[in-house]
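Take a look at the letters that make up each chain.
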Amino acid sequence: MILRALFLGSTFLVTISQNGSATSVGPIGWESTRGKTPRFFTLAADGAMLYAANLASHNIVAYRVDQATGRLTATGQVIETGSPSCIVFRSASA
């Protein structure tokens, strides 16, 4: 199972694995948010993409999520917008 712990300025990913009653936690990678003052992170419904909203740099940056390892890879897609503080997905039928 992959747990994502998010910190200002970067995304810190940890893995949680369970062996019987023992649980180990360790980092699997760091990834820059490619912006200033990250305010919000969210996963797409299918878990394949992660989006970081950077308040002070006025952008949202997209990352692919490796389903096997949890590692992030920036897609190069940067959406310029005014001081994003959250990201909300709308269903296609709405």
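Structure shown above.
Values in this document were obtained by computation on a predicted structure and should not be read as measured data.

Visitor: How would you explain the pattern of salt bridges if you had to name every residue and give the values?
Guide: Considering all chains together, one arrives at one salt bridge under this definition. Ionic pairing is found between Glu31 and Arg34, a salt bridge with its closest N-O pair at 2.4 Å.

Visitor: Hey, could you go over the sheet that holds strand E4 (residues 38–43) for me, with residue numbers and the actual values?
Guide: Strand order in the open sheet formed by four strands is E4-E5-E6-E7, with antiparallel pairing between adjacent strands. Looking at which strands have only one partner, the edges of the open sheet turn out to be E4 and strand E7 (72–80). Recorded for the sheet is a direction-independent mean angle of 20° between the axes of neighbouring strands. Relative to strand E6 (residues 59–65), strand E5 (residues 49–54) runs antiparallel, the two being bridged by six bridges. Directly across from Leu50, in E6, lies its bridge partner Tyr63.

Visitor: So what about the pairing of E4? Which residues, and what values?
Guide: Of the strand pairs in this sheet, E4 and E5 are connected by five bridges, and their pairing is antiparallel. In the sheet register, Thr42 faces E5, and the bridge partner there is Tyr51. Where E4 folds back onto E5 in an antiparallel hairpin, the turn is made up of five residues, including Gly47, whose phi is positive at roughly 75°.

Visitor: So, the pairing of E5: which residues are in play, and what are the values?
Guide: Where a strand is regular, its side chains alternate between the two sheet faces. With six of six residues buried, E5 is to be regarded as a mostly interior element. Residues Met49, Tyr51 and Ala53 of E5 are buried on one face, and the alternating residues Leu50, Ala52 and Asn54, pointing to the opposite face, are buried as well. The hairpin formed by E5 and E6 contains four residues between the paired strands, and His58 there has a positive phi angle of roughly 60°.

Criteria and cut-off values
Residues numbered from 1 in each chain as written. Predicted model: local features only at pLDDT ≥ 70, side-chain atom pairs only at ≥ 80, totals over all residues. Heavy atoms only, no water. Salt bridge = Lys/Arg side-chain N within 4 Å of Asp/Glu carboxyl O. Pairing = 2+ DSSP bridges. Helix = DSSP H or I, 4+ residues; strand = E, 2+ residues; numbered from the N terminus. Axes fitted to C-alpha atoms, helices over the stretch in contact; angles between N-to-C directions. Buried < 20%, exposed > 50% of the residue type's maximum accessible area, 1.4 Å probe, protein only.

None of the figures reported here should be taken as evidence of function without further support.
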